[in-house]
Amino acid sequence: MKENTTKDFFQGAMLLTLAGLVSKMLSAGYRIPLQNITGDIGFYIYQQVYPFLGITMILALYGFPSAISKMVAEKNAQSNNRVSSAFFYRILLVIFLFSSFLAAGLFLLAPFIAQLMGDEELTLSLQIAAFVFLFIPFVSNYRGFFQGFHYMQPTAFSQIVDQLIRVSVIIGLSIYVIKTGNSLYQIGVGGSVASLLGALGATVFLYFSFKQSSLLRHNNVPMISWREAFRGILVFGIVMTINHMLLLLFQLVDAFTLVAGLEQHGYQLQQAKMWKGIFDRGQPLIQLGVVLGSSLALALLPTINSQQFKNQYQLFINYIQGTWKFSLYISSAAASGLITIFPYANQLLFTSTVGTTTLQILAITIVFAGLSITTASILQGLGYMYRTALFVLVGVFVKLLLNLWLVPLFGTTGGAMATAGSALFVLLCNVGQLNFILRGKVIQIPWIRFIVSLTGLVAVVASINQFIFPLLHVQSRWGYCFYVVVTIMIGASVYFLLLIKLRTFTKEELEFLPFQKVIKYIAGG
């Protein structure tokens, strides 16, 4: 029975991870057609509001559900896998009070926040975004209870429901705004409305799923004090939220400082908004790269915990090395490939090559952020979630200082340097903390063989760009699509082949990879 429960838990955890990946891919991917529809100014407007919408999503998806599921699991052990309805409603009320405070604060302060951003026309979009906070108690409470009972499917499917509604509505409303000639600031309003409807859809889905379950005992014994509820839910939930918001908080800093910095650099206000929109083209691409680079860490996280550290030290070290190595190889390939192919990818995705150099520098963030999230995941598995959250907050402060210094000097290029530098700072903090805990340098990479493999990837893609592309006379977007996809596939294949042939993996690590017959043939050939 215990074996089946454990199996169900890991299957559910994997489903939740896969749903999270799909959700993140949707969240990043839809912003590319959104920019195509609305242009750089319209995209700037949406990206100014997006960090606030993203905070609600992470609170409702990661922060509070993690805290609630932890508390539910503890109470389950004391009450034969049934908790009281009074316990459910007490937690709901605690989160509702906190969320209402955030909603009221954002609504009332929206004019001041818009003024700080240098664009008072954003006020209405921010005020509507405030109402999304009111859905956090319901969505997070249902998700947390389901996860506390190791029932992951409703949480996983609710993520997809939320994102599908959100993406469909924002794309549809953006098309409507452009076709009817309404103000571009209606796109910010549309983004907030789309998030409202997505949260409503997730709430309705979770409500009916919860109604069909029998997870609660209907009695008035709360099983938890108000103090325990506030401390356990809010403190732990906010800490977990911060741990998932590295890139989002960087975007929040940009929302407040980039336009003003660009004006100091010499642009007029309208030009500064346009360049902020161009800068934000890189955000979905970075998010996609970081998802790829850190997804393995999220998948392996259930196997990395403090108990293993005590009882199976060598196995634990092997997990860390393998996880970090896979993350490095994937994120480095994503960043290097994107940097090399970017002039053509920029033309394909955004129909212009404007801002290519800035976006190439921004792409370096994929490596630092991907590895930072991977290392933080390991540290959180060891119980250091408060320390990793502190590193994120300090990193955001570093980003703020760098923006204030570099953007007036170098424009959007300075903003890109600030983002990459801040992500590197957080990575160094996490790696230093991990080395301190494990009393030595644990992360061992065959650096020379890895660099040779990465150089092979860059050399092949650069050679195709230099010698093949001029012969193709590509004119259409479909032509660029074909060229970029085929070039990426060729580069990735060469990189993978070099990694295997140069033995950058151990035999144990190779067993985790798919296509074992092909891998054994390459490795033994």
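The structure presented is a predicted model; accordingly, all values stated were derived computationally and were not measured.

Undergrad: Lay out the overall build of the protein with the relevant residues and their values.
TA: Check the secondary structure of the protein and you find 21 helices and two strands. A separation threshold of at least 6 residues defines the contact pool for the protein, and within that pool the share at least 24 residues apart is 82%.

Undergrad: Break down the packing of helix α18 (residues 447-472) against helix α19 (residues 477-501) for me, with residues and values.
TA: In the contact formed by α18 and α19, the axes pass within 9 Å of each other and the chain directions differ by 150°. Of the possible angle classes, the one that applies to α18 and α19 is roughly antiparallel. Of the two elements, α18 crosses α19, and the hand of that crossing is right-handed. Across the interface between the two elements, Phe450, Val452, Ser453, Leu454, Gly456, Leu457, Val460, Val461, Ile464, Asn465, Phe469 and Leu472 of α18 pack against Tyr480, Tyr483, Thr487, Ile490, Gly491, Ala492, Val494, Tyr495, Leu498 and Leu499 of α19. Its residues assigned to classes, the contact of α18 with α19 comprises 17 nonpolar, five polar and no charged.

Undergrad: Describe helix α16 (residues 385-410), and please don't skip the residues or the numbers.
TA: The end-to-end C-alpha separation of α16 is 35 Å, in line with the 38 Å expected for 26 residues at 1.5 Å each. The sharpest bend along α16 measures roughly 30° and falls at Asn403. Just past α16, the residue Gly411 takes up positive phi, approximately 70°.

Undergrad: Give a description of the nonpolar core that names residues and reports values.
TA: One recurring pattern in soluble globular proteins is that nonpolar side chains are buried together. One finds Phe64, Leu122 and Phe145 to be the most contacted residues of the largest nonpolar core, which totals 151 residues. By residue number, the principal contributor to this core is helix α2 (residues 31-78), which donates 21 residues. Once you skip the residues sitting within four places of it in the chain, Phe64 turns out to touch Leu59, Ile95, Phe98, Ile136, Ser140, Ile233, Leu234 and Gly237.

Undergrad: So what's going on with the side chain of Thr38? Residues and values would help.
TA: Looking at the secondary structure, you find Thr38 in helix α2. A distance of 3.3 Å separates a polar side-chain atom of Thr38 from the backbone nitrogen of Phe43. When neighbours within four sequence positions are excluded, Thr38 is seen to be in contact with Phe43, Ser174, Ile178, Leu184 and Ile187.

Undergrad: Account for α19, with residues named and values stated.
TA: In this model, α19 (25 residues) spans 36 Å end to end at C-alpha, consistent with the 36 Å of a helix rising 1.5 Å per residue. Count one or two residues on from α19 and you reach Arg503, which has phi positive near 55°.

Undergrad: Account for a nonpolar patch on the surface, naming residues and giving values.
TA: A contiguous nonpolar surface patch, about 510 Å² in accessible area, is contributed by Leu93, Phe96, Leu97, Phe138, Trp226 and Phe230. At the level of secondary structure, the elements contributing two or more residues to the nonpolar patch comprise α3 (85-117) and α8 (226-243). No other element matches α3, which puts three residues into the nonpolar patch. Looking at where Phe138 falls in the secondary structure, it is placed in helix α5 (residues 136-148).

Undergrad: I'd like a description of the environment of Leu371, backed by residues and values.
TA: Here Leu371 lies in helix α15 (residues 365-381). Sequence separation of Leu371 and Leu328 is 43 residues, and the distance between their C-alpha atoms is 6.4 Å. What Leu371 contacts, discounting residues up to four positions off in sequence, is Trp324, Ser327, Leu328, Ser331 and Leu427.

Undergrad: Requested: an account of the side chain of Ser327, with residues and values cited.
TA: The topology assignment puts Ser327 in helix α13 (residues 313-350). Polar contacts involving the side chain of Ser327 include one to the side chain of Thr374, which spans 2.8 Å.

Undergrad: Lay out the packing of helix α4 (residues 123-130) against helix α7 (residues 185-212) in plain terms, naming residues and giving numbers.
TA: Contact geometry for α4 and α7: axes closest at 8 Å, N-to-C directions at 5°. It follows that α4 is roughly parallel to α7 by the angle criterion. Of α7, the residues touching α4 (which contributes Leu124, Ser125, Ile128 and Ala129) are Tyr185, Gly188, Val189, Ser192, Val193 and Leu196. Grouping the constituent residues of the contact of α4 with α7 by class yields seven nonpolar, three polar and no charged.

Undergrad: With reference to specific residues and values, describe empty space enclosed by the protein.
TA: Inspection of every chain in the model, using the stated rule, returns two cavities of 30 Å³ or more. The computed volume of the largest cavity comes to approximately 140 Å³. Broken down by secondary-structure element, the contributors of at least two residues to the lining of the largest cavity are α2, α5, α6 (153-180) and α7. Residue classes in the lining of the largest cavity are distributed as nine nonpolar, four polar and three charged. Looking at the second largest cavity, the residues that line it are Asn243, Leu246, Ser372, Ile373, Ala376, Val392, Val426 and Asn430. If one sorts the elements of the lining of the second largest cavity by residue count, α15 sits on top with three residues.

Conventions used here
- Residues numbered from 1 in each chain as written.
- Predicted model: local features only at pLDDT ≥ 70, side-chain atom pairs only at ≥ 80, totals over all residues.
- Heavy atoms only, no water.
- Helix = DSSP H or I, 4+ residues; strand = E, 2+ residues; numbered from the N terminus.
- Contact = heavy atoms within 4.5 Å.
- Axes fitted to C-alpha atoms, helices over the stretch in contact; angles between N-to-C directions.
- Parallel < 35°, antiparallel > 145°, perpendicular 65-115°, else oblique.
- Left-handed = near helix turned anticlockwise from the far one by under 90°.
- Nonpolar A, V, L, I, M, F, W, Y, C, P; charged D, E, K, R; others polar.
- Expected span 1.5 Å × (residues − 1).
- Bend = angle between axes of the 7 residues up to and from the residue.
- Core = buried A, V, L, I, M, F, W, Y, C linked by side-chain atoms within 4.5 Å.
- Buried < 20%, exposed > 50% of the residue type's maximum accessible area, 1.4 Å probe, protein only.
- Polar contact = N/O pair within 3.5 Å; in protein donor to acceptor, adjacent residues only side chain to side chain.
- Patch = residues over 30% accessible without salt bridge, like charges linked within 9 Å, V, L, I, M, F, W, Y side chains within 5 Å.
- Areas by Shrake-Rupley, 256 points an atom, 1.4 Å probe, with all protein chains shown as cover.
- Salt bridge = Lys/Arg side-chain N within 4 Å of Asp/Glu carboxyl O.
- 1 Å grid on protein atoms, 1.4 Å probe; cavity = no way out; pocket = protein on both sides within 12 Å on 5 of 7 lines; lining within 4 Å.
- Points joined across faces, edges and corners; volume = space filled by probe spheres on them.

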